[in-house]
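Single-letter residue listing:
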Amino acid sequence: MELSELIKTARVDNVLLSCPLRSPIRGTLCITSHHLLLSPRGGASEEGKQEDMVLWLLLRNVDAIEKSVQNLGYFQSSRSKGPQKEDRLGSSSSSGTISLKCKDLRVIQLEIPGMEETLNIASSIEALSSLESVMQTYPFFFRPDGRRLEEGWHLYPLQYYYQEILSDTDAWRWSEVNEDFTVCATYPPGVIVPRSIDDEVLKKSAKFRHGGRFPTLSYYHRKNGTVMLRSAQPLTGPNGKRCPEDEMLLSAVLEGGERGFIIDTRSAQAAKQVRMMGGGFESKANYPQWKRLHRPLERGRLLQESFTRLMEACNDPTLTVDRWLSKLENCKWLSHVKEALSTACLAAQCMEREEACVLVHGTEGMDTTLLVTSLAQLILDPECRTFAGFQALIEREWLLAGHPFQLRCARSAYAHSRVKQEAPTFLLFLDCCWQLGRQFPFSLEFNESLLSTLFQHAYSSEYGTFLCNNEKERGLCAVKEKTHSLWPFLNQSNEGNTHRNPLYEWNPLVIWPSVEPQSLQLWQGFFLHWICPMNHLSDVNSEICSLVNSSHDLIESPEDCVCDKRLISDLTH
């Protein structure tokens, strides 16, 4: 089916666009297969470029649609008699309103003349914003000038990370046991595993782990040689089933009398309950060198509901300060941030201070597991805090590790449909990164603009980087052959400057964040971006850039540099 067949009305004139923080604008509304466009009165230029448009909205960005119609002609004509009755009916005497709630948290209102036009526009948007086939989405049609399709898809391969590890130790090897995705459908073709373990052991361990996600290396800590692994839960079941190969794999990670820690992102009670349904956890008797620690993190429906309640509070202008603070606390979003950072700090502490290896898993190993492993690396590793290193971290720990973006990001905070597999786990990760950047303003090379941009592209994008749920699906849909990668776009000079932290200085130390309530704040620049004026934030950023640029032009004493840093630090807070 052609997408154009879903467009019932392609163009409507005299449409009024309203949204918070800007004056209403009237113009011509157009629908294409993938975009909703509104050009101001007088029309766009002949080229119809994006800069000529008041609205250029990717339809995939629409999260929910609310519509209402008013047929004034009906009420007038019902009181009329005679042949004039039909003359009073018509589109000129009816109108409608469409409210578009977007995945990037914008709310846009369109007032459209004509009841039929309103219903047609709403129906078209509903159909085109929820296409079932990934290959019908815009990334497969997006062709920016001067870009090659293959550009950027191999910037951060897992093999490069393995080569870096190989320069320090030969205890690990590269395995292509999952080359055809038969061992684990959600793992990449190649993984990093202990050198002493052969592929047959890996295959048997995979059968013992949920979804085939056997323990693989996530991070190698060069300072002391400890490692962090990730996996899914073991399938011990109610009878305490064992897998000698899985026990052998985890034992091979440790040397001699070393001990390791298993960080289970479920509560002890939840882990016991799921054991009755075939899941389970590593028992002390079968894994004697590993100590299990439970640090429950919310995921799935509860996390999605927390996000929804937070945005409901943000969009309610009638709240008093006390009611706002009460709703902010009740939605528990900041509690989720605190628990995520606390668990990541625990994993980092085990490696840095206890000099012990760590295995992280929950149930499936695709959500809270990746949240903890990626945050722990940001805390421990200064390379992950660079602009390129952060992109490589997301590629390695979220995309290649099989976080199901297509399922988790299908709906944002406004969707009316019942929550199924949606969950803002990636947003929680980005929020935690913002908290780190706020507490350590000189240690992260990227800024909150990059974090917001990554959220937008994870939920709706013209690029293919976040499409599908894992590498197997991306291969079946030929994503890397038929769409463009996001990374070259972010790395180009004009975009890169926008997303870089001008205060950044290389910090080789571990950064230990505070998780006390007074240390964690609502990410206003994100959650309130489309609701409240944020001019003060842009003014601060401009002032910081001005101070940094001026300092580069002057030869200063060390004392002057310290004073400038203190001034800039005060501005950031």
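Worth saying up front: this structure is predicted, and the values here are computed from it rather than measured. (Residues numbered from 1 in each chain as written. Predicted model: local features only at pLDDT ≥ 70, side-chain atom pairs only at ≥ 80, totals over all residues. Heavy atoms only, no water.)

Before going further, it helps to spend a moment on the nonpolar core. In this structure, Phe-390, Phe-429, Leu-454 and Phe-527 are the most contacted members of the largest nonpolar core, which totals 107 residues. Ranked by residues supplied to this core, first place goes to helix 10 (residues 333-352) with 11 residues. Not counting residues up to four positions away in its chain, the partners in contact with Leu-454 are Phe-390, Ile-394, Phe-426, Leu-430, Phe-466, Leu-486, Trp-487 and Leu-490. With 27 residues, the next largest nonpolar core counts Leu-17, Ile-31, Ile-98 and Ile-112 among its residues. (Core = buried A, V, L, I, M, F, W, Y, C linked by side-chain atoms within 4.5 Å. Buried < 20%, exposed > 50% of the residue type's maximum accessible area, 1.4 Å probe, protein only. Helix = DSSP H or I, 4+ residues; strand = E, 2+ residues; numbered from the N terminus. Contact = heavy atoms within 4.5 Å.)

Along the chain, the position of Arg-26 falls in strand 2 (residues 22-31). C-alpha separation for the pair Arg-26 and Ile-112, spaced 86 residues apart in sequence, amounts to 10.0 Å. Once residues lying within four places of it in the same chain are set aside, the contact partners of Arg-26 are Asn-14, Val-15, Leu-16, Pro-40 and Arg-41. Within polar-contact distance, the side chain of Arg-26 engages the backbone oxygen of Asn-14 at 3.3 Å. (Polar contact = N/O pair within 3.5 Å; in protein donor to acceptor, adjacent residues only side chain to side chain.)

For the rest of this paragraph, the subject is helix 12 (residues 387-399). Look at helix 12: 17 Å from first C-alpha to last across 13 residues, which is about the 18 Å you get at 1.5 Å a residue. In terms of burial, helix 12 is a largely internal element, 12 of the 13 residues being buried. Of all the positions in helix 12, only Phe-387, Gly-389, Phe-390, Gln-391, Ala-392, Leu-393, Ile-394, Glu-395, Arg-396, Glu-397, Trp-398 and Leu-399 are classed as buried. The N-terminus of helix 12 is capped by Thr-386, whose side-chain oxygen sits 2.9 Å from the backbone nitrogen of Gly-389. (Expected span 1.5 Å × (residues − 1).)

A residue-level look at the protein finds 87% of positions with pLDDT of 70 or above and a mean pLDDT of 89. In this model residues 81-91 is a low-confidence stretch, pLDDT under 50, and it forms 11 contacts with partners more than four residues away in sequence or in other chains. (pLDDT = per-residue confidence, 0-100.)

It is worth spelling out the sheet that holds strand 10 (residues 216-221) at this point. Across the sheet, 5 strands lie side by side as 10-11-14-12-13; this open sheet has mixed pairing. Two strands close off the open sheet at either side, each with one partner strand: strand 10 and strand 13 (290-294). Ignoring which end each strand starts from, the neighbouring axes of this sheet average 20 degrees apart. Sheet topology note: the strand 12 (residues 260-264)/strand 14 (residues 357-361) ladder contains 5 bridges and is parallel. Within strand 14, the position partnered with Ile-262 by the bridge is Leu-359. Packing against the sheet, helix 6 (residues 244-253) makes contact with strand 11 (226-230), strand 13 and strand 14, and its axis sits at approximately 100 degrees to strand 13. Contacting strand 10, strand 11 and strand 14, helix 11 (residues 368-380) runs over the sheet at an angle of about 155 degrees to strand 11. (Pairing = 2+ DSSP bridges. Axes fitted to C-alpha atoms, helices over the stretch in contact; angles between N-to-C directions.)

Okay, the side chain of Ser-218 next. Here Ser-218 is to be found in strand 10. Judged by its relative accessible area of 1%, Ser-218 falls in the buried class. Apart from residues lying up to four places away in sequence, Ser-218 is in contact with Tyr-161, Met-228, Leu-229, Arg-230, Thr-373, Gln-377, Arg-396 and Glu-397.

Moving on: the pattern of salt bridges. Per the stated rule, a full pass over the model turns up 23 salt bridges. Where Arg-408 meets Asp-367, a salt bridge forms, and the shortest distance between an N and an O atom there is 2.8 Å. You can see Arg-408 sitting in helix 13 (residues 405-408) and its partner Asp-367 sitting in the loop between strand 14 and helix 11, a full 41 residues away along the chain. Like Asp-367, Arg-408 is buried. Salt bridges sharing partners connect three or more residues here, namely Arg-299, Glu-364, Asp-367 and Arg-408. (Salt bridge = Lys/Arg side-chain N within 4 Å of Asp/Glu carboxyl O.)

Under the criterion given, the structure shown has 24 aromatic pairs. A ring pair is formed by Trp-434 and Trp-523, whose centres lie 6.1 Å apart and whose planes are at 15 degrees; its orientation type is stacked. With Trp-434 in helix 14 (residues 425-439) and Trp-523 in the loop between helix 19 (493-499) and helix 20 (524-527), this residue pair connects regions lying 89 residues apart in the sequence. Taken together, the aromatic side chains of Tyr-156, Phe-390, Trp-398, Phe-405, Phe-426, Phe-429, Phe-446, Phe-466 and Trp-487 make up a single cluster linked through ring pairs. A cation over a ring is seen here: Arg-396 above Tyr-161, with NZ or CZ 4.1 Å from the ring centre. The ring of Phe-387 carries the charged tip of Arg-500 above its face, separated from the ring centre by 4.2 Å. (Phe/Tyr/Trp six-rings, centres within 6.5 Å; stacked < 30°, edge-to-face > 60°. Lys NZ or Arg CZ within 6 Å of the ring centre and 35° of its normal.)

Our next topic: unusual backbone geometry. Leaving glycine out, the prevailing phi sign among residues is negative, and the prevailing peptide bond configuration is trans. The phi torsion at Leu-105 lies on the positive side, around 80 degrees, for a residue other than glycine. Tracing the backbone shows Leu-105 in the loop between strand 6 (94-102) and strand 7 (107-113). Its relative accessible area of 2% is what places Leu-105 among the buried residues. One non-glycine residue, Cys-468, lies in the positive phi region at around 65 degrees. Along the chain, Cys-468 falls in the loop between helix 15 (448-459) and helix 16 (471-476).

Next up on the list: the pairing of strand 1 (residues 11-19). Taken together, the 6 bridges between strand 1 and strand 2 define a ladder with antiparallel strand orientation. For Val-15, the partnering residue across the bridge sits in strand 2 and is Gly-27. Counting the residues that bridge the hairpin from strand 1 to strand 2 gives 2 residues, and of these Leu-21 lies at a positive phi of roughly 70 degrees. As defined by bridge partners, strand 1 adjoins strand 7 across 3 bridges and the pair is classed as antiparallel.

For the pair helix 12 and helix 15, the least separation of the axes is 13 Å and the interaxial angle reads 25 degrees. If you check the angle between helix 12 and helix 15, you find them roughly parallel. Taken as a pair, helix 12 and helix 15 cross one another with a handedness that is right-handed. Side by side, helix 12 and helix 15 meet where Phe-387, Phe-390 and Ile-394 of the first sit next to Leu-450, Leu-451 and Leu-454 of the second. When the residues that make up the contact of helix 12 with helix 15 are grouped by side-chain class, the tally is 6 nonpolar, no polar and no charged. (Parallel < 35°, antiparallel > 145°, perpendicular 65-115°, else oblique. Left-handed = near helix turned anticlockwise from the far one by under 90°. Nonpolar A, V, L, I, M, F, W, Y, C, P; charged D, E, K, R; others polar.)

Below, the discussion takes up the pairing of strand 12. Burial of strand 12 is extensive: 5 of the 5 residues sit out of reach of the surface. Taking every second residue as pointing to the same face, both faces of strand 12 are buried, with Gly-260, Ile-262 and Asp-264 on one and Phe-261 and Ile-263 on the other. Of the pairings in the sheet, the one linking strand 12 to strand 13 comprises 5 bridges and is parallel in character. The partner of Ile-263 across the bridge, within strand 13, is Leu-293.

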